[in-house]
Amino acid sequence: MKSRGINRVAMLLILPLMAFAVIGGSRLTPREAARPPGAGVLVVANLRGESLTFIDFADLARPRTLFAGGPPHEIVLAGGRLYATLGRADALIEVETAATALLREIPLGGQPHGLAVSGDDLLVTTDEAGSLIVLDRASLAIKAFQAVGGTPHAVAAEGGHTYVVQAAGNAVQDLRTGRSAATGALPESVAIAGAYLVTANAAAGTVTVIDRESWRVLGEVRVGKEPVRVIALSGTRAVVALNGDSEIAVVDLVRLRVIRHEKTLDRPDGLCIDPSGEYLAVTSNAMDAAVVFQLKDWRIAITVATGDGPGSCLWLPA
């Protein structure tokens, strides 16, 4: 506890000295810069900085930083509050977004990593313990443990189904039905896109596309080096962060092919879409920044500074 207190003081001393950079457009592309977003709050989980950065696009001069007490891996919004897993700190935190205040911290063993919302519950996967923990969101009381094995790195939930990837087992499970499907090597992320389930397989350089109803593997699409994160762009398209290529790739899930590549800053990781669906933010773990694309034409609208070592991100409404 003493070291955590020292880290907190150090963070408070350092923050006023950190310059918050806003760069219109980007050197990444010669195209004319798009119109930057004018509203919404981009929340970035900083792994090395053990903090959350809140970037309000209506007030870019005043970013807010909250010390998390550990490296935040995944973040979700539920009931107007933000939740984050702290891997090495073995905890889950609840944050009031308006006040940028830490409300509750719940100890969880086994290195919590993946995080999803299912109705009134929070679902947390634990890398070391090989389990899924179900918590009541109102009380944050643990309701259930389920052994899933294989280093369950990420989780997604929809319509009563819970999907967990086994990073060490190269598989994804539907915990409701008990069905399992093989993926490419080292699946690190999972996303639901309409009728499809998609995993990003970092060691294989592929995404695996599964039909959720029939549970049939439709194909494995080669996308590039180290796809570490995938999210849905629509019911038939997904976007993948290629950590080893400094690119993102857009995958057509119907035709099972990559239809677009876009350059980003080095070591892209987090992906998040703004509530209006107009913009996509891509965090750069190497450059401590996030690039914001305008989705209608893929022009870069703005690049903003984050904390140290950004990973996952979340875009809150204004």
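About the thresholds
- Residues numbered from 1 in each chain as written.
- Predicted model: local features only at pLDDT ≥ 70, side-chain atom pairs only at ≥ 80, totals over all residues.
- Heavy atoms only, no water.
- Salt bridge = Lys/Arg side-chain N within 4 Å of Asp/Glu carboxyl O.
- Buried < 20%, exposed > 50% of the residue type's maximum accessible area, 1.4 Å probe, protein only.
- Helix = DSSP H or I, 4+ residues; strand = E, 2+ residues; numbered from the N terminus.
- Pairing = 2+ DSSP bridges.
- Contact = heavy atoms within 4.5 Å.
- Polar contact = N/O pair within 3.5 Å; in protein donor to acceptor, adjacent residues only side chain to side chain.
- Phe/Tyr/Trp six-rings, centres within 6.5 Å; stacked < 30°, edge-to-face > 60°.

> Mind laying out the pattern of salt bridges, listing which residues take part and the relevant values?
Within the structure shown, the criterion is met by 18 salt bridges. Members of the salt-bridge network, linked through shared partners, are R81, E94, E96 and R104.

> Hey, could you go over the pairing of strand β14 (residues 161-166) for me, with residue numbers and the actual values?
In terms of burial, β14 is a largely internal element, six of the six residues being buried. Residues H161, Y163 and V165 line one face of β14 and the alternating positions T162, V164 and Q166 line the opposite face, and both faces are buried. For strand β13 (residues 152-158) and β14, the ladder comprises six bridges, and the chain directions are antiparallel. Paired with P152 across the strands is Q166, a residue of β14. Pairing of β14 with strand β15 (residues 171-174) involves four bridges; the strand directions are antiparallel.

> Pulling in residues and values, what's your account of the environment of D266?
By the element assignment, D266 lies in the loop between β24 (257-263) and β25 (268-273). Separated by 29 residues in the primary sequence, D266 and R237 place their C-alpha atoms 24 Å from one another. In this view, D266 contacts S246, S284, N285, A286 and M287; residues no more than four positions away in its chain are not counted. For D266, the side chain forms a polar contact with the side chain of S246, separated by 3.2 Å.

> Give me unusual backbone geometry: which residues, what numbers.
Even without glycine at this site, N170 takes up a positive phi of about 50°. Of the residues examined, N170 reaches a relative accessible area of 30% and is grouped as partly exposed. The phi torsion at E226 lies on the positive side, around 55°, for a residue other than glycine.

> Account for the packing of aromatic side chains, with residues named and values stated.
Overall, the coordinates contain four aromatic pairs when judged by the stated rule. Relative to W215, the ring of Y163 has its centre 6.0 Å away and its plane inclined at 10°; by these criteria the two rings are stacked. In this pair, Y163 is assigned in strand β14 and W215 in the loop between β19 (206-211) and β20 (216-222), connecting sequence segments 52 residues apart. On the basis of relative accessibility, which here comes to 10%, the residue W215 falls in the buried class. One aromatic cluster in this structure is built from F57, Y279 and W315.

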